[in-house]
Amino acid sequence: MTDLAEIFEVGPRDGLQNEKAVIPTDRKVAFVDLLSQAGFRRIEVGSFVNPKRVPQMGDSGAVFAAIRRVPGVSYAALVPNLRGLEAAQAAKVDEIAIFASASEGFSQANIGASIADSLDRYREVAEAANAAGLPVRGYVSCVAVCPYDGDVAPEAVARTAAALDAMGCYEISLGETLGRGTPEAIGAMLAAVTDRIPPGRLAGHFHDTGGMALANIEVSLKAGLRVFDAACGGLGGCPFAPGAAGNVATDAVYRRLTELGFETGLDPDILARAEAIARGLTTVGGEV
Ligand code: HMG
Ligand code: MG
């Protein structure tokens, strides 16, 4: 029997959020529409955050309004607070993601709140979303290294993950925000987290600054994880994580998972076109 693994495409959100060039809404829509044909079950399309802080995501509502939704695909968005949730509901997102941190430095830089305060805020968001029947995914950022605080203890990651789990997140994505985590550090972190949350409810989200993302995915597979976030073109990074490079590229994850005998359900030809579009979006920016 073939082992299944899923790639959660985060390119339209994490991939594009850090781009300085203005990428026109219609080009984002074309990118998402192509991704919808590739076989992804979940696509992170945008975020409903303060547009002054992340201008590139300011048109997320317009992107959601214009995409052609394929039945069976869940179109997701990041939501930082109740105001973001309202905007996400107005845009008819299929699921939301709330995003906390395992390190205080990044929590302050990213969302202007301590970990504890952010969890209080997210509890309200998750409660309201769950009451409305909207699935909630949780992110933990800085699961290995924080750009401000340095190495992050595995237990700190497990604590934030457990808090998101207790709010009713259906899956927790473990964000290696800086892309500097070693396979050893990832292994230790996963041991701590899987003590509290079964691996089938976890996802790996690896940025690839140090070229270790694929090795970190292999460590995660051994720990039982079967969902990995990736961005076509290897784009991305968080504007509030200086020094972080893009997400691991979707085609690289697809090839590695396939080599290892996992079935992803993705169409490699459409994936190749999406990779080309993603790279073109950032090199041409608003010119075409
Ligand atoms: P704040 O700016 O810290 O302070 O917001 P505030 O709450 O006082 O709000 C200030 C302004 O934002 C006000 O407007 C609010 O109305 C507005 P002003 O009076 O200045 O005109 N505002 C909003 N506008 C639109 N939508 C909203 C909203 N909320 C407030 N929902 C906040 C706090 C969290 C909103 C802010 O800090 C923010 O938007 N931060 C951006 C965080 C972000 O998007 N980071 C990148 C994504 S996380 C990531 O990339 C990591 C991940 O990939 C995993 C990994 O790799 O680790 C997920
Ligand atoms: Mg990220």
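The structure under discussion appears in the preceding block.
These remarks concern the structure in this document. From a predicted model like this one, the values you see are computed outputs, not experimental measurements.

1. Concerning the packing of helix 9 (residues 213–222) against helix 10 (residues 250–259)
Part 1 of the reasoning: Contact geometry for helix 9 and helix 10: axes closest at 11 Å, N-to-C directions at 45°. Classified by the interaxial angle, the pair formed by helix 9 and helix 10 is oblique. Viewed along their axes, helix 9 and helix 10 form a crossing whose handedness is right-handed. Contact with helix 9, carried on its side by L214, I217, E218 and L221, involves A252, V253, R256 and L257 of helix 10 and no other residues of that element.

2. Looking at the coordination of the magnesium ion (ligand 2)
Part 1 of the reasoning: Around the magnesium ion (ligand 2), the donor atoms from the protein are D14 (OD), H205 (NE2) and H207 (NE2), and they sit 2.0 to 2.3 Å away.
Part 2 of the reasoning: Here the donor residues for the magnesium ion (ligand 2) map to a single chain with the spacing D-x190-H-x1-H. Placement of D14 in helix 1 (residues 11–15) and of H205 in strand 10 (residues 202–206) is noted, with a sequence separation of 191 residues between them. Side by side, D14 and H205 carry an identical accessibility label, which is buried.

3. Quick notes on the packing of aromatic side chains
Part 1 of the reasoning: Under the counting rule described, the total for this entry stands at two aromatic pairs.
Part 2 of the reasoning: Taking the centre distance of 6.0 Å and the plane angle of 50° together, the rings of F99 and Y122 count as tilted. Here Y122 lies in helix 6 (residues 115–131) and F99 lies in strand 5 (residues 95–101), a separation of 23 residues in the sequence.
Part 3 of the reasoning: Directly above the ring of F240 sits R53, whose terminal nitrogen or CZ lies 4.2 Å from the centroid.
Part 4 of the reasoning: Positioned above the aromatic ring of Y139 is the side chain of R137, whose terminal nitrogen or guanidinium carbon lies 5.5 Å from the ring centre.

Thresholds applied
Residues numbered from 1 in each chain as written. Chains lettered and ligands numbered in written order. Predicted model: local features only at pLDDT ≥ 70, side-chain atom pairs only at ≥ 80, totals over all residues. Heavy atoms only, no water. Axes fitted to C-alpha atoms, helices over the stretch in contact; angles between N-to-C directions. Helix = DSSP H or I, 4+ residues; strand = E, 2+ residues; numbered from the N terminus. Parallel < 35°, antiparallel > 145°, perpendicular 65-115°, else oblique. Left-handed = near helix turned anticlockwise from the far one by under 90°. Contact = heavy atoms within 4.5 Å. Donors = N, O, S within 2.8 Å, 3.2 Å for Na, K, Ca; no water. Buried < 20%, exposed > 50% of the residue type's maximum accessible area, 1.4 Å probe, protein only. Phe/Tyr/Trp six-rings, centres within 6.5 Å; stacked < 30°, edge-to-face > 60°. Lys NZ or Arg CZ within 6 Å of the ring centre and 35° of its normal.

Keep in mind these numbers describe shape, not what the thing actually does.
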